[in-house]
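Fold and geometry: a report
Letter by letter, the chains look like this.
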Amino acid sequence: MTDAVLKSRLAKRPIQEPTSWERLKVNRNWLGVWFMVPAAAFLILFLAYPLGLGVWLSFTDAKIGRSGEFVGLENYEWLWDDSTFLLSVFNTILYTSVASAIKFAVGLYLALLLNERLPFKAILRAVVLIPFIVPTVLSAIAFWWIFDPQFSIISWSLKKMGIITTNIDFLGDVWNARWSVIFANIWRGVPFVAITLLAGLQTVSPSLYEAATIDGATPWQRFRFITYPLLTPIIAVVMTFSVLFTFTDFQLIWVMTRGGPVNATHLMATLSYQRAIIGGSLGEGAAISTAMIPFLLAAIMVSWFGLQRRKWQQGGEND
Amino acid sequence: MTDFSRRAVVKGATALGAAGALTGPALLDWAKAWAQSAPWKPEKGAKLSMLRWKYFVQAEDDAFVKLIAAFTQATGVAVDISRESYEDVQPKASVAANTGTGPDLFWGLYSLPHLFPQKCLDVTDVADYLGKAHGGWVDSAVKYGKNGNKWIAIPICYSGALINWRVEASKKAGFSAFPTKTDEFLEYAKAMKAQGTPGGMALGHASGDGNTWVHWALWSHGGQTVDKDDKVILNSPETVKALEFAKTLYGHSIPGTASWNDSSNNKAFLAKEIHWTNNGISIYVAAQNSAKDVAEDMNHAYFPIGPVGKTTELHLMYPILAMTYTKYPQACKALIAFMLAADNFNPWIQSAKGYLTHCLNEYDKNPVWTADPKTTPYRDVAKRSLTAGGLGSVGEKAATAIADFVVLDMFANYATGREDAKGAIAIAERQLKRIYR
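This write-up is about the structure you can find in this document. (Residues numbered from 1 in each chain as written. Chains lettered and ligands numbered in written order. Predicted model: local features only at pLDDT ≥ 70, side-chain atom pairs only at ≥ 80, totals over all residues.)

1. As for the overall build of chain A
The secondary structure content of chain A amounts to 15 helices and zero strands. Computed over its C-alpha atoms, the radius of gyration of chain A comes to 29 Å, more than 25% above the 20 Å expected for a compact globule of 319 residues. By principal-axis analysis of the C-alpha atoms, chain A measures approximately 125 × 70 × 30 Å. Looking at chain A as a whole, 33% of its 319 residues qualify as buried. Relative to all contacts within chain A whose residues are 6 or more apart in sequence, the contacts with residues 24 or more apart total 66%. (Helix = DSSP H or I, 4+ residues; strand = E, 2+ residues; numbered from the N terminus. Rg over C-alpha atoms; globule rule 2.2 N^0.38 Å. Buried ≥ 20, exposed ≤ 12 C-beta atoms within 10 Å, placed from the backbone. Contact = placed C-beta atoms within 7 Å.)

Here is the structure:
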């Protein structure tokens, strides 16, 4: 009797294999994918799509007002022999490397200085930020006046002091112009570096310095073996950003020189704008912009693998 | 009007009378009558937006706003005006043409409409109507306005780029009038620099002042970027001669012109740093307000004539275009026609004090050109101007070449000694060949 009941029960409820859909429904990873969709859509819409479109445009002969035909690498072949473009690459690299190096040196120095006990520390720190808060266009216009061939305050002062007799041709001479725009960029970029490094410095525990002092470390040794190693993560981040901002700088150049004199200060960004938007050759301008990507990637790679050597920065456990 | 009446320039009472004739209610009555008889009836509920180049002479903009207000009152069409510096109109117009949204009307520089001719509203009827009513269009305006057989824009006015020079200093250097030949011009520049009163013209990326004078220099020596079939013919002995000329002139100029933009020479002239340059009338207008001694001692002259033996000037054209995407094409046409109607255009061009020159022959009669003899040279710039691209077509290729500073860079490259003549021409030729392929 009991046997029969048991049998019938078993017959009534056959073991059901769950369908793959049923399995998927309770799969946590599947759910995870859905949670990621909004973020991914956001990224694709606002980051990947414009980037992809820019790269696509660079393979076409698009002009403003009409879409182009696919021309393969024609734009790049043309640029490869274009002396203005090559000059702009040189200018961009010079501009970025010199300005970034000096910004780092001056920024680090300022950060170390501001980290010391100083009277009016809070005010001083705020003052350092001023160049950074002034809108770029405004400071560019100010520098344009400072470097004006006829009305430069620098030339005027030096003339009044009797040191020079004619105005300095700041923006009309090739190398003068390059140093002038680099100077303006440094002036603008130092606060960012300084304040960020200062934030990094303040995370270094004072007990380390105390211990080192007790061990008889010199100030240089304290900097070299405590401050610098603990600061490298911040340095990596801040210099990556600094290099990226400098490499893609546009406003300063455009307001001060428009790429002149004779294209000596044309950066890739300004040349791209001139060709694509002012000149109407979208495809060619896009190719110039796209040509910036490898340089920017290289800059990121250097900071990623060169400076962020600690494992946690690359997603591993801290050592 | 207050600004106008205290102006010493416009001494003639007749001039003031003409300008003052149509203001307030009279202007409105006239505008209403005009709207009644105009061949274009704005759509119901039409609203227009216009992006125009930013004024250089405030009174011009005031008069323009008044004109637009009268249009709004007469037709009920509200017009929203925004202003950008003339170099920035083009990118905005280009983006609007690309995306199909934005202001209905763009009023920009040179051959702006030819950058996207297929996006411009056909305004042939407006052009024919205006030409018939006001004594016909000057030749260069026809070339700028038409694409094939169709008018794609209405050439509103030119901004003349002529020589501005200081009289006293030139007399001292032995020139009682401004030189009329290019070789005399070199002598003049040399003498002026020698006595410490140099001049100069922009060799930086100055869209207006820079482009106008280098094109004049090229054409006056017989150089051309392209022939009439748009074939690149830049590499020629004439071009080399033009480059030599510019280099010599650059040597006789004040240092620093390689970095000048459009406003540099205005500032330097008003500050008495330079004594000759090329510019619109804006220096003179500004001088009357802020540096009366400069205004009294300066004058204007045509560009000297070069070896080719005829005028080869390039002046800035300001055409207005309506986009095909506009919902109110009739209102656009009515507004354009209204701007150029005599009773509107006369006081307005007068308020610009010579800064703007008409393209319709009838307006030669405007008293602004005779009230002050110093403005008279600017009357003729529309007739004297060649078009962008020289012998070639005025379309987007010419516009691209100018916008990309191909000729300007060639001159700057050679004048500053960065390239030899061959190298400078080769760079420009390569760029031109690509633009004109």
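The discussion continues.
2. Quick look at the packing of helix H5 (residues 83–115) of chain A against helix H10 (residues 174–201) of chain A
Residue and element names in this part refer to chain A. Where H5 meets H10, the closest approach of the two axes is 6 Å, and the angle between their N-to-C directions is 40°. One finds that H5 runs oblique with respect to H10. Pair H5 / H10 crosses with right-handed handedness. (Axes fitted to C-alpha atoms, helices over the stretch in contact; angles between N-to-C directions. Parallel < 35°, antiparallel > 145°, perpendicular 65-115°, else oblique. Left-handed = near helix turned anticlockwise from the far one by under 90°.)

3. Some words on helix H5 (residues 86–99) of chain B
An α-helical segment advances 3.6 residues per turn. Residues three or four places apart therefore align on the same side. Given a rise of 1.5 Å per residue, 14 residues ought to cover 20 Å, and the 21 Å separating the end C-alpha atoms of H5 of chain B matches this to within 8%. Looking at the buried residues of H5 of chain B, the elements they touch are helix H14 (268–278) of chain A together with strand S1 (47–53), strand S2 (78–84) and strand S3 (105–107) of chain B. (Expected span 1.5 Å × (residues − 1).)

4. As for the interface of chain B and chain A
At the interface, 31 residues of chain B touch 27 residues of chain A. Secondary structure elements with two or more residues in the side of chain B that touches chain A: H5, helix H12 (264–270), helix H19 (396–403), helix H20 (406–415) and helix H21 (421–435) of chain B. No other element matches the five residues that H5 of chain B contributes to the side of chain B that touches chain A.

5. Thoughts on the nonpolar core
Across soluble globular proteins, nonpolar side chains have a tendency to be buried as a group. Residues Phe71, Val123, Ala246, Leu335, Ile336 and Phe411 of chain B are the most contacted members of the largest nonpolar core, which totals 198 residues. Here the element with the most residues in this core is H10 of chain A; it accounts for eleven residues. Those residues in contact with leucine 335 of chain B that sit more than four places away from it in its chain are Leu48, Phe71 and Val79 of chain B. (Core = buried A, V, L, I, M, F, W, Y, C linked by C-beta atoms within 7 Å.)

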